[in-house]
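Structure assessment
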Amino acid sequence: MENDLPTHEVQSCRKLDFEDVDLQEINDNALPLCITDGNRGNQIFLPLAIPDDLVPKLDMEFDTEVAAKNFYQKYAKASGFGTRLSKGHKDKNSDLMLDRVFCCSREGKKPKDKRNMIVKCPRPETRCDCSARMKISCRQGEKYRVVQFVAEHNHELSTPSKTHLFRSHRHLTMAHEAEIDMARSCGITPKQSIELMSKQVGGRENLGFIRDDLKNYLRSKRSIPMMQGDTGGVLEYLQGMQLEDPNFFYAIQVDEDDLITNIFWADAKMRTDFAHFGDVVCFDTTYRKHKDGRPIALFVGVNHHKQTTVFGAALLYDETILTFEWLFDTFAKAMMGKIPRTILTDQDGRMATALASQWPTTYHRLCIWHIYQNAATHLADVFKDFQNFATDFSHCIYDYENEDDFFEGWSEMLKTYGLEDNKWLKKMFDIKEKWALVYGRETFCADMTTTQRSESMNSVIKKYVSYKHGLLEFFEHFQRLLDDRRYNESVADFKGNQSTPAMTFSCRILQHAASVYTHEVYENFKEELCKGIDCKWEVDGDLGNQMSYRVTPHGKTSHHLVTYDSSTNSICCSCKKFEFAGFLCSHALKILMTLNIVTIPDAYILKRWTKAAKTGNVHVSSESSPEMELKAKLSFRYKELSYLYMQLMTKASECDEAYQIAKDGFWKMSEQMDACCQGKKKMKEVRIEEHCSVYQDVDTNPSEIAYNKIKGIKVKEKVTYKSSKRPRSALEMATKKRKYKVKEKFSSKRLQEFGISIEDIYNRRNPTNMTQLLQTLDPNLTQGYDLMSSSSIAHHQHQ
């Protein structure tokens, strides 16, 4: 049977697929043959006609078992079948493999399953007792020699375009893993990753693996930190970031059981940005992006381009006073002891207590948006019954410029609406210094009255981080967010340095502003200048070198008092716009233009808003070790070589000659590098052993000792937040329920009777018809509609 094949009728055993094979392959020699054995009546399948040097032959020799395996793999892939390892024997004394059998993947029969046979989706049968094999042995010499070779199969073989689907012909190389990790770190899905890599190699059949292999690799990557309880992966990530960036700072807090509760981190860019723009900080903990529902605390601010910048981030276990005290103290340590001048937060009593104890000199202001939300909740009936209450409440927050006027306006509001005994308003009056603008006008807040920059980060984080992500995945994707925002800052820097804002009208003071301010701040300055043109002014008094003026904005009856000192070239306005926002107001600019002052006085050009905001030396402490320097050097080498070889690949693919030069050069360099690394391998191992022995002798580093005692990450007992959305306020949840009630009660026919649509309900259009319709259906439904309308109007009234 092995030497002489029976001379029976030869017939094709495969359907022709003209899309997969070339026309030259459509002949008897290019297709596997199906031959019937006359003695047994069985069919014998022969492989395709392949080059003779790929066909195994008896007495063929190999240096190693791996070399024999690779040779049989090439033969199997060219023939159209898969392989696997079969039985073999080892030498008892030296563990040397004496002989080995490489067989077809369909060899043998599937053993009987001893488990429960009630299986929903049983796997298809692949074994058919195929006898194709190659056996090697080294019993008679030092090298492995082919002692048996069976080429015939008892099953249909595959076409060359489908052999890559066999398990034995699929494997992920280190290059593949590096590309997959890079795509994953950029947020590219597995499907998109494999499509991109397939395009690079000319088709999925040339890729070397399939989509299932990629998913299995990613699953195994995720299972490693899961086996360690996320602890090892998180610590390794943080330490790796510190190796790449010596100025990377992180701190971990553990409880009495040595479980991680809180994590804070800030890289060199965050610490540098805080040195330049850390005078005002917004702090918020409303994000619940991690699957355990941990609050994500962000310290954010505004840079010279009016862009939101991140100063630090933390993953918290809870929101207690002790947690906030640890966080604020750790943030100050990371920033070399510097703390912000002003911090804006929501109305959280535990947060306020921690700020008072840790940062007593920092001016604490409450977010105005949260004030309105709480007011709409506690004063729901007042908002519903009195339409002017929202306007009067807004006046108390924004409009008064001195304390006496504020007291008078507050008392009048309470008396008008009968709120003298309201407990919530009494409580708010006790902390009026934190929210009333009359007490915060002289404190620099970078023109921010709310934590809206923190709130806006919530929508940004959604694009990068999901509540389904684990801790390690959260860190990796959060870094993507930082990279994107920093790139936007670089684009704004380039735009500011290489272009000049367009002048709507020629004005020397505008030209001066365009030369010093960034584009975004220039637009704010220009808006104030345009407002100043329409203002009216009159002299209020003359005190020697000081002149006082009354400036009345267009369309308003109230005036602002502006004082100019000619001896010092200083100007001051009662609205305190410069002290609060950092650039001159329209009232002051009106007086400067009246006095023919065509440039902005140097004292009123705040450096943080200029193009030169980031100039100057900023010292950030770093503790580098020889190991950290070596890791940083290796990282730099890898990135540089990756960029250089990408250029080489591009050039080498342009013509055949260049391709051959690059290919020959690669193998030559590979041999030289192997020889070089092999010679230095022992020296490197000696250095590592010496370094480890020295490191183990050091026991005075408390942080390292604490990390060695960490048992894991403390898991929250109950996951409260199961979505990536921020927690909703009481007002939002109440109005949301009412909207669903409205949707259930309203029919399209009933809406048409009143001339409104369901969009009018959500967008608060046609208020007269809306109120009439709600009252006819259910009077209680009018409450949510009135509350949302009143609070929205009051919040934007000051603008």
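Provided above is the structure to which this section pertains.
Attention in this report is confined to the structure presented alongside it. (Residues numbered from 1 in each chain as written. Predicted model: local features only at pLDDT ≥ 70, side-chain atom pairs only at ≥ 80, totals over all residues. Heavy atoms only, no water.)

1. Topic: the pairing of strand β9 (residues 249–254)
- Taken together, the six bridges between β9 and strand β10 (residues 259–266) define a ladder with antiparallel strand orientation. Looking across to β10, one finds that Gln 253 is bridged to Asn 262.
- In this structure, the hairpin formed by β9 and β10 is closed by a connection of four residues, where Asp 258 is found at a positive phi of approximately 60°. (Pairing = 2+ DSSP bridges. Helix = DSSP H or I, 4+ residues; strand = E, 2+ residues; numbered from the N terminus.)

2. Looking at the side chain of Lys 526
- On the secondary structure map, Lys 526 appears in helix α17 (residues 519–533).
- Residues in contact with Lys 526, not counting those within four places in the same chain, are Thr 504 and Leu 510. (Contact = heavy atoms within 4.5 Å.)

3. Quick word on a positive patch on the surface
- A contiguous patch of positive charge on the surface is contributed by Arg 204, Arg 211, Lys 215 and Arg 219.
- Within the secondary structure layout, Arg 204 lies in the loop between α3 (190–201) and α4 (211–227). (Patch = residues over 30% accessible without salt bridge, like charges linked within 9 Å, V, L, I, M, F, W, Y side chains within 5 Å. Areas by Shrake-Rupley, 256 points an atom, 1.4 Å probe, with all protein chains shown as cover. Salt bridge = Lys/Arg side-chain N within 4 Å of Asp/Glu carboxyl O. Lys, Arg positive; Asp, Glu negative; His and termini not counted. Charge placed at Lys NZ, Arg CZ, Asp CG, Glu CD.)

4. Comments concerning a nonpolar patch on the surface
- A grouping of Leu 641, Leu 644, Tyr 645, Leu 648, Met 669 and Met 673 is seen on the molecular surface, where their side chains present a nonpolar patch of about 510 Å² in accessible area.
- Secondary structure elements with two or more residues in the nonpolar patch: α20 (626–652) and α21 (656–697).
- Counting residues per element, the nonpolar patch draws most heavily on α20, at four residues.
- Structurally, Tyr 645 can be placed in helix α20.

5. Here we look at α17
- In a regular helix each residue adds 1.5 Å, so 15 residues correspond to 21 Å; α17 covers 21 Å between its end C-alpha atoms and thus fits that length.
- For α17, the set of buried residues is His 519, Val 521, Tyr 522, Phe 525, Lys 526, Glu 528, Leu 529 and Gly 532.
- Looking at the buried positions of α17, the neighbouring elements they touch are α15 (471–498), α16 (508–516), α18 (577–581) and α19 (586–594). (Expected span 1.5 Å × (residues − 1). Buried < 20%, exposed > 50% of the residue type's maximum accessible area, 1.4 Å probe, protein only.)

6. What to know about the packing of helix α11 (residues 389–398) against helix α12 (residues 403–417)
- Relative to each other, α11 and α12 sit at 160°, their axes nearing to 9 Å. With respect to their mutual orientation, α11 and α12 come out roughly antiparallel. When you trace α11 past α12, the crossing you get is left-handed. In contact with Phe 389, Asp 392, Phe 393 and Cys 396 of α11, α12 contributes Phe 406, Gly 409, Trp 410, Met 413 and Tyr 417.
- A class-by-class count of the residues in the contact of α11 with α12 yields seven nonpolar, one polar and one charged. (Axes fitted to C-alpha atoms, helices over the stretch in contact; angles between N-to-C directions. Parallel < 35°, antiparallel > 145°, perpendicular 65-115°, else oblique. Left-handed = near helix turned anticlockwise from the far one by under 90°. Nonpolar A, V, L, I, M, F, W, Y, C, P; charged D, E, K, R; others polar.)

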